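# Overview (structure and organization)
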Amino acid sequence: MALIHQPIDFMGQNIYNGYYIRIGADGKLEYVDRPAGFPKTAANWPVTPECLYWGTKFLYERYQMPLYITENGMSCHDQVSADGRVHDSNRIDFLDQYLSQLQRASDDGVDIRGYFLWTFLDNFEWDKGYNERFGLVYVDFATQKRIAKDSAFWYQKVMETNGGILCMNNADANKEILFMNPVFKQMIWGGNKLGSKWGYEIPGENTGECWAVSAHPNGDCTIKEGTYAGKTLSQLWTEEPQLFGNVAGDRFPLLIKIIDANDDLSIQVHPDDAYAGENENGSFGKTECWYILDAPEGATLVIGHNAKDKAELEDMIHNGRWNEFLREVPIKKGDFIQIDPGTVHAIKGGIEILETQQNSDITYRVYDYGRLQNGKPRELHIEKSIDVITVPAKSVEESVVNISTDAKNTMNPLISCSYYRVWKLDVDGSMEVSQEYPFLIMSVVEGDGLINGQLIKKGDHFILPSGFGKVELQGKMELIASTVA
Ligand code: ZN
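First things first, this report covers the structure right here in the doc. (Residues numbered from 1 in each chain as written. Predicted model: local features only at pLDDT ≥ 70, side-chain atom pairs only at ≥ 80, totals over all residues. Heavy atoms only, no water.)

## Things to note about the coordination of the zinc ion
Every protein donor of the zinc ion is listed here as His 270 (NE2), Glu 288 (OE), Glu 288 (OE) and His 345 (NE2), and their distances to the metal cover 2.1 to 2.6 Å. Mapped onto the sequence, the donors of the zinc ion take the spacing H-x17-E-x56-H. Placement of the pair is His 270 in the loop between β15 (267–269) and α6 (273–279) and His 345 in strand β20 (residues 345–346), with a sequence separation of 75 residues. Of the two residues examined, His 270 and His 345, each falls in the buried class. (Donors = N, O, S within 2.8 Å, 3.2 Å for Na, K, Ca; no water. Helix = DSSP H or I, 4+ residues; strand = E, 2+ residues; numbered from the N terminus. Buried < 20%, exposed > 50% of the residue type's maximum accessible area, 1.4 Å probe, protein only.)

Take a look at the structure:
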(Lines give C-alpha, C1' and ligand atoms only; values in the text may rest on other atoms or scores of the structure.)
Protein backbone atom coordinates (compact mmCIF):
# COMPACT_ATOMS: atom_id res chain seq x y z
CA MET A 1 0.00 0.00 0.00
CA ALA A 2 2.87 2.38 0.80
CA LEU A 3 4.24 1.81 -2.70
CA ILE A 4 0.97 2.16 -4.64
CA HIS A 5 -0.44 5.23 -2.90
CA GLN A 6 2.27 7.49 -4.40
CA PRO A 7 1.10 10.65 -6.22
CA ILE A 8 0.40 9.93 -9.87
CA ASP A 9 1.40 11.95 -12.96
CA PHE A 10 -1.73 11.36 -14.99
CA MET A 11 -4.95 9.40 -14.92
CA GLY A 12 -5.95 6.74 -17.48
CA GLN A 13 -9.62 5.90 -17.97
CA ASN A 14 -11.43 3.28 -20.03
CA ILE A 15 -14.70 4.96 -21.00
CA TYR A 16 -17.33 3.24 -23.17
CA ASN A 17 -20.73 4.54 -22.11
CA GLY A 18 -22.65 6.44 -19.47
CA TYR A 19 -25.97 6.57 -17.66
CA TYR A 20 -28.48 9.36 -17.42
CA ILE A 21 -29.42 10.18 -13.85
CA ARG A 22 -31.78 12.66 -12.26
CA ILE A 23 -32.90 13.82 -8.83
CA GLY A 24 -35.69 11.48 -7.68
CA ALA A 25 -38.81 12.35 -5.70
CA ASP A 26 -36.97 11.65 -2.41
CA GLY A 27 -34.18 14.04 -3.39
CA LYS A 28 -31.75 11.17 -4.05
CA LEU A 29 -30.41 10.45 -7.47
CA GLU A 30 -32.01 7.80 -9.61
CA TYR A 31 -31.24 6.24 -12.97
CA VAL A 32 -33.33 7.28 -15.96
CA ASP A 33 -34.56 4.32 -18.02
CA ARG A 34 -33.08 4.13 -21.49
CA PRO A 35 -35.74 4.58 -24.19
CA ALA A 36 -36.93 1.55 -26.13
CA GLY A 37 -34.71 0.97 -29.15
CA PHE A 38 -31.78 3.00 -27.78
CA PRO A 39 -28.62 2.69 -29.92
CA LYS A 40 -26.30 -0.12 -28.88
CA THR A 41 -23.24 -1.95 -30.07
CA ALA A 42 -23.09 -5.62 -31.09
CA ALA A 43 -22.19 -6.37 -27.45
CA ASN A 44 -25.42 -4.53 -26.43
CA TRP A 45 -23.49 -1.69 -24.83
CA PRO A 46 -25.33 1.65 -25.09
CA VAL A 47 -23.95 4.21 -27.52
CA THR A 48 -23.65 7.45 -25.50
CA PRO A 49 -20.99 9.71 -27.06
CA GLU A 50 -21.53 12.47 -24.44
CA CYS A 51 -19.80 10.28 -21.83
CA LEU A 52 -16.44 11.35 -23.27
CA TYR A 53 -17.43 14.96 -22.66
CA TRP A 54 -19.08 14.75 -19.21
CA GLY A 55 -16.86 11.92 -17.98
CA THR A 56 -13.56 13.64 -18.70
CA LYS A 57 -14.88 17.02 -17.57
CA PHE A 58 -15.98 15.60 -14.22
CA LEU A 59 -12.71 13.75 -13.63
CA TYR A 60 -10.62 16.75 -14.54
CA GLU A 61 -12.58 19.19 -12.39
CA ARG A 62 -12.35 16.78 -9.45
CA TYR A 63 -8.71 15.61 -9.71
CA GLN A 64 -6.97 18.25 -11.86
CA MET A 65 -4.90 15.49 -13.49
CA PRO A 66 -3.93 15.12 -17.15
CA LEU A 67 -6.15 12.45 -18.69
CA TYR A 68 -5.65 9.63 -21.15
CA ILE A 69 -8.52 7.64 -22.58
CA THR A 70 -6.87 4.25 -22.34
CA GLU A 71 -9.76 2.38 -24.02
CA ASN A 72 -12.76 3.32 -26.13
CA GLY A 73 -14.32 1.71 -29.18
CA MET A 74 -17.08 -0.65 -30.23
CA SER A 75 -17.93 -4.17 -31.16
CA CYS A 76 -19.81 -4.23 -34.51
CA HIS A 77 -21.63 -6.89 -36.50
CA ASP A 78 -18.75 -6.94 -38.95
CA GLN A 79 -18.85 -9.20 -41.98
CA VAL A 80 -17.00 -9.54 -45.25
CA SER A 81 -19.29 -8.19 -47.97
CA ALA A 82 -19.69 -9.54 -51.49
CA ASP A 83 -17.07 -7.06 -52.67
CA GLY A 84 -14.50 -8.54 -50.27
CA ARG A 85 -14.46 -5.44 -48.03
CA VAL A 86 -15.73 -4.85 -44.49
CA HIS A 87 -18.13 -1.88 -44.43
CA ASP A 88 -18.36 -0.96 -40.75
CA SER A 89 -20.14 2.39 -41.07
CA ASN A 90 -21.56 2.05 -37.54
CA ARG A 91 -18.03 2.05 -36.11
CA ILE A 92 -17.06 5.14 -38.12
CA ASP A 93 -20.10 6.98 -36.86
CA PHE A 94 -19.46 5.81 -33.27
CA LEU A 95 -15.86 7.02 -33.30
CA ASP A 96 -16.76 10.26 -35.07
CA GLN A 97 -19.31 11.11 -32.40
CA TYR A 98 -17.21 9.98 -29.42
CA LEU A 99 -14.04 11.75 -30.59
CA SER A 100 -16.05 14.90 -31.32
CA GLN A 101 -17.26 14.88 -27.70
CA LEU A 102 -13.70 14.33 -26.48
CA GLN A 103 -12.54 17.31 -28.50
CA ARG A 104 -15.41 19.32 -27.04
CA ALA A 105 -14.02 18.59 -23.54
CA SER A 106 -10.53 19.50 -24.69
CA ASP A 107 -11.84 22.76 -26.19
CA ASP A 108 -13.40 23.49 -22.75
CA GLY A 109 -9.95 23.23 -21.15
CA VAL A 110 -9.90 19.58 -19.97
CA ASP A 111 -6.27 18.38 -20.17
CA ILE A 112 -6.64 15.45 -22.58
CA ARG A 113 -3.24 13.98 -23.41
CA GLY A 114 -4.13 10.93 -25.46
CA TYR A 115 -6.69 8.47 -26.80
CA PHE A 116 -6.21 4.73 -27.32
CA LEU A 117 -8.75 3.09 -29.58
CA TRP A 118 -9.86 -0.42 -28.65
CA THR A 119 -8.67 -1.87 -30.89
CA PHE A 120 -6.35 -2.51 -33.83
CA LEU A 121 -7.25 -6.11 -34.69
CA ASP A 122 -10.29 -8.26 -33.98
CA ASN A 123 -9.00 -9.96 -30.86
CA PHE A 124 -9.58 -12.49 -28.11
CA GLU A 125 -11.69 -10.66 -25.51
CA TRP A 126 -11.05 -11.74 -21.93
CA ASP A 127 -14.77 -12.06 -21.28
CA LYS A 128 -16.23 -12.93 -24.70
CA GLY A 129 -13.47 -14.76 -26.54
CA TYR A 130 -13.82 -14.43 -30.31
CA ASN A 131 -17.52 -13.55 -30.12
CA GLU A 132 -17.05 -9.77 -30.35
CA ARG A 133 -15.20 -7.88 -33.07
CA PHE A 134 -13.62 -4.62 -31.80
CA GLY A 135 -10.91 -4.20 -34.46
CA LEU A 136 -10.21 -1.66 -37.19
CA VAL A 137 -8.79 -4.66 -39.03
CA TYR A 138 -10.89 -7.73 -39.66
CA VAL A 139 -9.36 -11.09 -38.76
CA ASP A 140 -10.56 -14.36 -40.26
CA PHE A 141 -9.99 -16.45 -37.13
CA ALA A 142 -9.76 -19.69 -39.11
CA THR A 143 -7.19 -18.57 -41.69
CA GLN A 144 -5.68 -15.53 -39.90
CA LYS A 145 -6.33 -13.49 -43.06
CA ARG A 146 -6.59 -9.74 -42.31
CA ILE A 147 -8.80 -7.15 -44.09
CA ALA A 148 -8.61 -3.44 -43.20
CA LYS A 149 -12.20 -2.35 -42.49
CA ASP A 150 -13.62 0.97 -43.82
CA SER A 151 -13.04 2.40 -40.33
CA ALA A 152 -9.27 1.74 -40.64
CA PHE A 153 -9.05 4.04 -43.67
CA TRP A 154 -11.28 6.61 -41.97
CA TYR A 155 -9.18 6.50 -38.78
CA GLN A 156 -6.02 6.98 -40.86
CA LYS A 157 -7.51 10.28 -42.07
CA VAL A 158 -8.49 11.28 -38.53
CA MET A 159 -4.85 10.88 -37.50
CA GLU A 160 -3.50 12.62 -40.61
CA THR A 161 -5.75 15.64 -40.02
CA ASN A 162 -5.46 15.58 -36.21
CA GLY A 163 -9.22 15.25 -35.99
CA GLY A 164 -9.90 17.79 -38.75
CA ILE A 165 -12.36 15.47 -40.51
CA LEU A 166 -14.51 14.87 -37.41
CA CYS A 167 -18.12 15.96 -37.81
CA MET A 168 -17.78 18.72 -35.20
CA ASN A 169 -14.90 20.32 -37.14
CA ASN A 170 -16.71 20.10 -40.40
CA ALA A 171 -19.61 22.50 -40.08
CA ASP A 172 -19.53 23.00 -43.85
CA ALA A 173 -20.68 19.41 -44.15
CA ASN A 174 -23.78 20.07 -42.04
CA LYS A 175 -26.32 17.40 -42.97
CA GLU A 176 -29.04 18.32 -40.53
CA ILE A 177 -32.28 19.61 -42.04
CA LEU A 178 -33.62 22.58 -40.06
CA PHE A 179 -37.40 22.10 -39.81
CA MET A 180 -39.41 25.17 -38.73
CA ASN A 181 -42.26 25.67 -36.29
CA PRO A 182 -44.33 28.34 -38.08
CA VAL A 183 -45.88 31.36 -36.38
CA PHE A 184 -49.53 32.19 -37.12
CA LYS A 185 -51.14 35.61 -37.45
CA GLN A 186 -54.82 36.39 -37.11
CA MET A 187 -56.01 39.08 -39.53
CA ILE A 188 -59.42 40.63 -40.14
CA TRP A 189 -59.26 39.24 -43.68
CA GLY A 190 -57.99 35.77 -42.65
CA GLY A 191 -59.80 32.43 -42.96
CA ASN A 192 -59.45 28.90 -41.59
CA LYS A 193 -57.83 27.06 -44.51
CA LEU A 194 -54.46 27.00 -42.77
CA GLY A 195 -56.20 24.65 -40.35
CA SER A 196 -58.64 22.80 -42.63
CA LYS A 197 -56.48 22.45 -45.77
CA TRP A 198 -52.95 22.61 -44.34
CA GLY A 199 -53.43 20.77 -41.07
CA TYR A 200 -51.81 23.39 -38.88
CA GLU A 201 -52.98 24.05 -35.35
CA ILE A 202 -54.22 27.58 -35.94
CA PRO A 203 -55.00 30.03 -33.13
CA GLY A 204 -58.59 30.50 -34.33
CA GLU A 205 -60.79 31.77 -37.16
CA ASN A 206 -59.37 34.65 -39.21
CA THR A 207 -55.90 33.11 -39.36
CA GLY A 208 -54.53 34.96 -42.35
CA GLU A 209 -50.83 34.24 -42.31
CA CYS A 210 -48.48 31.39 -41.56
CA TRP A 211 -44.97 32.79 -41.08
CA ALA A 212 -43.32 29.60 -42.21
CA VAL A 213 -39.65 30.61 -42.27
CA SER A 214 -39.13 33.81 -40.33
CA ALA A 215 -36.58 35.43 -38.06
CA HIS A 216 -38.57 38.64 -37.83
CA PRO A 217 -39.00 40.02 -34.26
CA ASN A 218 -42.80 39.97 -34.78
CA GLY A 219 -42.74 36.22 -35.48
CA ASP A 220 -39.50 34.37 -34.95
CA CYS A 221 -39.77 30.65 -35.90
CA THR A 222 -38.18 28.01 -33.67
CA ILE A 223 -36.38 24.89 -34.88
CA LYS A 224 -38.56 21.82 -34.51
CA GLU A 225 -36.04 19.05 -33.78
CA GLY A 226 -32.41 17.98 -33.65
CA THR A 227 -29.29 19.76 -32.40
CA TYR A 228 -30.90 23.21 -32.51
CA ALA A 229 -34.40 22.25 -31.29
CA GLY A 230 -36.13 25.19 -29.62
CA LYS A 231 -33.69 27.83 -30.82
CA THR A 232 -35.13 30.70 -32.83
CA LEU A 233 -34.06 31.28 -36.39
CA SER A 234 -32.71 34.72 -35.42
CA GLN A 235 -30.57 33.09 -32.69
CA LEU A 236 -29.17 30.56 -35.16
CA TRP A 237 -28.38 33.32 -37.62
CA THR A 238 -26.25 35.05 -34.95
CA GLU A 239 -24.79 32.03 -33.16
CA GLU A 240 -24.22 29.56 -36.02
CA PRO A 241 -23.43 31.68 -39.09
CA GLN A 242 -21.70 28.72 -40.76
CA LEU A 243 -25.15 27.12 -41.23
CA PHE A 244 -25.99 30.00 -43.57
CA GLY A 245 -22.69 30.07 -45.44
CA ASN A 246 -21.49 33.04 -43.34
CA VAL A 247 -23.62 35.40 -45.42
CA ALA A 248 -23.04 38.99 -44.27
CA GLY A 249 -25.84 40.89 -42.54
CA ASP A 250 -27.23 41.48 -39.07
CA ARG A 251 -30.46 39.52 -39.68
CA PHE A 252 -31.79 36.57 -41.63
CA PRO A 253 -32.59 38.16 -44.99
CA LEU A 254 -35.80 36.40 -46.09
CA LEU A 255 -39.30 35.67 -44.83
CA ILE A 256 -41.59 32.97 -46.24
CA LYS A 257 -45.33 33.14 -45.62
CA ILE A 258 -48.44 31.26 -46.62
CA ILE A 259 -51.38 33.60 -46.89
CA ASP A 260 -55.03 32.56 -46.77
CA ALA A 261 -57.18 35.51 -47.78
CA ASN A 262 -60.80 34.90 -46.89
CA ASP A 263 -61.59 38.52 -47.67
CA ASP A 264 -59.85 41.22 -49.74
CA LEU A 265 -56.66 42.67 -48.25
CA SER A 266 -56.14 46.42 -48.16
CA ILE A 267 -54.51 48.11 -51.15
CA GLN A 268 -50.89 48.54 -50.18
CA VAL A 269 -47.40 49.44 -51.29
CA HIS A 270 -43.94 48.84 -49.80
CA PRO A 271 -40.90 51.13 -49.70
CA ASP A 272 -37.43 50.19 -50.91
CA ASP A 273 -34.39 49.82 -48.62
CA ALA A 274 -33.33 53.45 -48.95
CA TYR A 275 -36.76 54.89 -48.04
CA ALA A 276 -37.38 52.38 -45.21
CA GLY A 277 -33.89 52.85 -43.81
CA GLU A 278 -34.47 56.60 -43.61
CA ASN A 279 -38.13 56.67 -42.51
CA GLU A 280 -38.66 53.37 -40.64
CA ASN A 281 -35.85 53.07 -38.09
CA GLY A 282 -33.34 51.35 -40.37
CA SER A 283 -35.76 48.61 -41.44
CA PHE A 284 -35.30 46.80 -44.72
CA GLY A 285 -37.63 47.79 -47.53
CA LYS A 286 -39.82 45.07 -48.90
CA THR A 287 -39.56 43.32 -52.21
CA GLU A 288 -41.86 40.30 -52.35
CA CYS A 289 -43.14 37.70 -54.75
CA TRP A 290 -46.17 35.46 -54.79
CA TYR A 291 -46.73 31.95 -56.00
CA ILE A 292 -50.49 31.37 -56.40
CA LEU A 293 -51.30 28.11 -54.60
CA ASP A 294 -55.03 28.29 -55.23
CA ALA A 295 -57.52 30.75 -56.65
CA PRO A 296 -61.24 30.57 -57.46
CA GLU A 297 -62.48 30.66 -61.05
CA GLY A 298 -62.19 34.18 -62.49
CA ALA A 299 -60.00 35.46 -59.63
CA THR A 300 -58.16 38.77 -59.88
CA LEU A 301 -55.45 40.58 -57.96
CA VAL A 302 -54.62 44.24 -57.78
CA ILE A 303 -51.19 44.72 -59.29
CA GLY A 304 -50.08 48.19 -60.36
CA HIS A 305 -52.28 51.16 -61.19
CA ASN A 306 -53.49 53.22 -64.16
CA ALA A 307 -52.15 56.70 -63.28
CA LYS A 308 -49.90 57.96 -66.05
CA ASP A 309 -47.99 60.52 -63.96
CA LYS A 310 -47.52 61.73 -60.39
CA ALA A 311 -50.15 64.47 -60.69
CA GLU A 312 -52.81 62.00 -61.84
CA LEU A 313 -51.75 59.57 -59.10
CA GLU A 314 -52.26 62.20 -56.40
CA ASP A 315 -55.59 63.25 -57.86
CA MET A 316 -56.89 59.67 -58.08
CA ILE A 317 -55.86 58.91 -54.49
CA HIS A 318 -56.96 62.18 -52.87
CA ASN A 319 -60.30 62.14 -54.68
CA GLY A 320 -61.04 58.44 -54.17
CA ARG A 321 -61.09 57.56 -57.90
CA TRP A 322 -60.35 53.95 -56.93
CA ASN A 323 -62.09 52.25 -59.86
CA GLU A 324 -60.01 54.25 -62.33
CA PHE A 325 -56.82 53.97 -60.26
CA LEU A 326 -56.59 50.26 -59.40
CA ARG A 327 -55.44 47.78 -62.02
CA GLU A 328 -57.08 44.38 -61.60
CA VAL A 329 -55.28 41.50 -63.23
CA PRO A 330 -56.81 38.04 -63.81
CA ILE A 331 -54.79 35.25 -62.21
CA LYS A 332 -54.98 31.49 -61.73
CA LYS A 333 -53.36 28.73 -59.75
CA GLY A 334 -49.66 28.40 -60.67
CA ASP A 335 -49.13 32.07 -61.57
CA PHE A 336 -46.10 33.83 -60.17
CA ILE A 337 -45.91 37.56 -59.49
CA GLN A 338 -42.97 39.74 -58.52
CA ILE A 339 -43.90 42.82 -56.45
CA ASP A 340 -41.11 45.38 -56.56
CA PRO A 341 -41.12 48.20 -54.00
CA GLY A 342 -43.42 50.97 -55.23
CA THR A 343 -45.90 48.49 -56.77
CA VAL A 344 -49.50 48.99 -55.67
CA HIS A 345 -50.94 45.55 -54.81
CA ALA A 346 -53.65 43.67 -53.01
CA ILE A 347 -54.60 40.05 -52.54
CA LYS A 348 -58.31 39.34 -53.02
CA GLY A 349 -60.58 37.00 -51.10
CA GLY A 350 -60.40 33.27 -51.87
CA ILE A 351 -56.77 33.32 -52.96
CA GLU A 352 -54.00 31.32 -51.31
CA ILE A 353 -50.40 32.27 -51.91
CA LEU A 354 -46.88 31.44 -50.86
CA GLU A 355 -44.97 34.66 -50.42
CA THR A 356 -41.20 34.98 -50.51
CA GLN A 357 -40.07 38.38 -49.29
CA GLN A 358 -37.38 40.44 -47.66
CA ASN A 359 -37.36 40.16 -43.86
CA SER A 360 -39.45 43.27 -43.31
CA ASP A 361 -42.90 44.23 -42.14
CA ILE A 362 -43.12 47.76 -43.56
CA THR A 363 -46.41 48.21 -45.39
CA TYR A 364 -48.15 51.44 -46.39
CA ARG A 365 -51.90 51.13 -46.68
CA VAL A 366 -53.32 53.22 -49.54
CA TYR A 367 -56.98 52.20 -49.37
CA ASP A 368 -59.00 49.77 -47.24
CA TYR A 369 -62.39 49.73 -49.05
CA GLY A 370 -63.71 51.94 -46.24
CA ARG A 371 -63.88 48.94 -43.89
CA LEU A 372 -64.02 49.20 -40.10
CA GLN A 373 -62.05 47.25 -37.49
CA ASN A 374 -63.53 47.47 -33.96
CA GLY A 375 -65.77 50.25 -35.26
CA LYS A 376 -62.93 52.35 -36.68
CA PRO A 377 -61.23 52.52 -40.06
CA ARG A 378 -57.67 51.09 -40.09
CA GLU A 379 -54.88 53.64 -40.41
CA LEU A 380 -53.94 54.72 -43.94
CA HIS A 381 -50.49 55.98 -44.99
CA ILE A 382 -51.41 58.25 -47.89
CA GLU A 383 -48.42 60.59 -48.00
CA LYS A 384 -45.81 57.84 -47.60
CA SER A 385 -47.65 55.81 -50.24
CA ILE A 386 -47.56 58.68 -52.72
CA ASP A 387 -43.83 59.09 -51.93
CA VAL A 388 -43.01 55.52 -52.86
CA ILE A 389 -45.47 54.46 -55.60
CA THR A 390 -43.75 53.96 -58.96
CA VAL A 391 -45.35 55.95 -61.79
CA PRO A 392 -46.17 54.68 -64.33
CA ALA A 393 -46.56 51.06 -63.13
CA LYS A 394 -44.76 48.12 -64.69
CA SER A 395 -46.81 46.38 -67.40
CA VAL A 396 -48.96 43.34 -66.55
CA GLU A 397 -46.90 41.14 -68.85
CA GLU A 398 -43.77 42.02 -66.91
CA SER A 399 -45.43 41.27 -63.58
CA VAL A 400 -47.19 37.92 -64.00
CA VAL A 401 -45.45 34.73 -65.10
CA ASN A 402 -47.19 31.39 -65.53
CA ILE A 403 -44.98 28.38 -65.08
CA SER A 404 -47.60 25.66 -64.81
CA THR A 405 -46.37 23.95 -67.99
CA ASP A 406 -42.80 23.68 -66.77
CA ALA A 407 -40.76 20.52 -66.46
CA LYS A 408 -40.95 17.88 -63.75
CA ASN A 409 -38.05 16.82 -61.52
CA THR A 410 -35.99 19.95 -62.03
CA MET A 411 -35.48 23.34 -60.34
CA ASN A 412 -37.67 25.66 -62.45
CA PRO A 413 -36.45 29.23 -61.87
CA LEU A 414 -39.27 31.68 -61.04
CA ILE A 415 -37.17 34.74 -60.37
CA SER A 416 -33.73 36.02 -59.56
CA CYS A 417 -33.65 39.59 -58.21
CA SER A 418 -31.19 41.43 -56.00
CA TYR A 419 -32.73 39.93 -52.81
CA TYR A 420 -33.68 36.35 -53.60
CA ARG A 421 -33.80 33.50 -56.05
CA VAL A 422 -36.96 31.38 -56.14
CA TRP A 423 -37.69 28.05 -57.82
CA LYS A 424 -40.66 25.73 -58.30
CA LEU A 425 -40.07 22.00 -58.05
CA ASP A 426 -42.52 19.42 -59.36
CA VAL A 427 -41.34 16.10 -58.00
CA ASP A 428 -42.84 13.08 -59.74
CA GLY A 429 -40.73 10.00 -59.07
CA SER A 430 -37.35 11.28 -58.04
CA MET A 431 -34.94 14.13 -58.58
CA GLU A 432 -31.62 15.27 -57.27
CA VAL A 433 -30.59 18.77 -56.20
CA SER A 434 -27.11 19.90 -55.27
CA GLN A 435 -27.33 22.23 -52.26
CA GLU A 436 -24.46 24.53 -53.18
CA TYR A 437 -26.13 27.78 -52.09
CA PRO A 438 -25.37 29.56 -48.79
CA PHE A 439 -28.62 27.93 -47.63
CA LEU A 440 -31.73 26.65 -49.38
CA ILE A 441 -35.25 27.15 -48.03
CA MET A 442 -37.92 24.65 -49.08
CA SER A 443 -41.68 24.59 -48.55
CA VAL A 444 -43.78 21.58 -49.48
CA VAL A 445 -46.97 23.09 -50.93
CA GLU A 446 -48.62 19.92 -52.29
CA GLY A 447 -48.33 16.16 -51.81
CA ASP A 448 -45.73 14.24 -49.87
CA GLY A 449 -42.54 12.29 -50.32
CA LEU A 450 -39.03 11.84 -49.02
CA ILE A 451 -35.98 14.05 -48.67
CA ASN A 452 -32.84 11.94 -48.28
CA GLY A 453 -35.11 9.19 -46.97
CA GLN A 454 -36.94 11.40 -44.47
CA LEU A 455 -40.72 11.81 -44.80
CA ILE A 456 -41.95 15.30 -45.71
CA LYS A 457 -45.45 16.50 -46.51
CA LYS A 458 -47.54 19.51 -47.48
CA GLY A 459 -47.05 22.26 -44.91
CA ASP A 460 -43.46 21.36 -43.99
CA HIS A 461 -40.92 24.17 -44.24
CA PHE A 462 -37.22 23.65 -43.75
CA ILE A 463 -33.75 25.01 -44.46
CA LEU A 464 -30.95 22.95 -45.96
CA PRO A 465 -27.81 24.50 -44.47
CA SER A 466 -24.56 25.43 -46.17
CA GLY A 467 -22.55 22.48 -47.47
CA PHE A 468 -25.53 20.12 -47.27
CA GLY A 469 -24.55 18.65 -50.62
CA LYS A 470 -26.66 16.07 -52.38
CA VAL A 471 -30.43 16.24 -51.87
CA GLU A 472 -32.59 13.37 -53.09
CA LEU A 473 -36.29 14.12 -53.43
CA GLN A 474 -38.74 11.31 -54.08
CA GLY A 475 -42.50 11.05 -54.25
CA LYS A 476 -45.24 13.16 -55.74
CA MET A 477 -45.07 16.68 -54.42
CA GLU A 478 -44.64 20.34 -55.26
CA LEU A 479 -42.15 22.57 -53.52
CA ILE A 480 -41.12 26.22 -53.59
CA ALA A 481 -37.42 26.77 -52.90
CA SER A 482 -35.51 29.99 -52.32
CA THR A 483 -32.19 31.43 -51.27
CA VAL A 484 -30.48 34.79 -51.08
CA ALA A 485 -29.40 36.39 -54.35
ZN1 ZN B 1 -47.19 43.24 -49.82
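## A closer look at the pairing of strand β26 (residues 411–416)
For β26 and strand β27 (residues 420–435), the ladder comprises five bridges, and the chain directions are antiparallel. Each bridged residue has a counterpart across the sheet, and for Ile 415 the counterpart in β27 is Val 422. The hairpin turn running from β26 into β27, its antiparallel successor, is three residues long. (Pairing = 2+ DSSP bridges.)

## Description of a nonpolar patch on the surface
On the surface, a cluster of nonpolar side chains totalling about 510 Å² of accessible area is made up of Tyr 19, Ile 21, Leu 29 and Tyr 31. With respect to the helices and strands, the residue Ile 21 is situated in strand β2 (residues 21–23). Accessibility expressed as a relative area gives 48% for Ile 21, which makes it partly exposed. (Patch = residues over 30% accessible without salt bridge, like charges linked within 9 Å, V, L, I, M, F, W, Y side chains within 5 Å. Areas by Shrake-Rupley, 256 points an atom, 1.4 Å probe, with all protein chains shown as cover. Salt bridge = Lys/Arg side-chain N within 4 Å of Asp/Glu carboxyl O.)

## Section: the sheet that holds strand β4 (residues 67–72)
What the three strands build is an open sheet, ordered β1-β4-β5; its pairing is parallel. Every other strand in the sheet has two partners, leaving β1 (11–14) and β5 (112–117) as the edge strands with one partner each. Neighbour-to-neighbour, the strand axes of this sheet turn through a mean angle of 20°, independent of strand direction. By the bridge criterion, four bridges tie β1 to β4 in an arrangement that is parallel. (Axes fitted to C-alpha atoms, helices over the stretch in contact; angles between N-to-C directions.)

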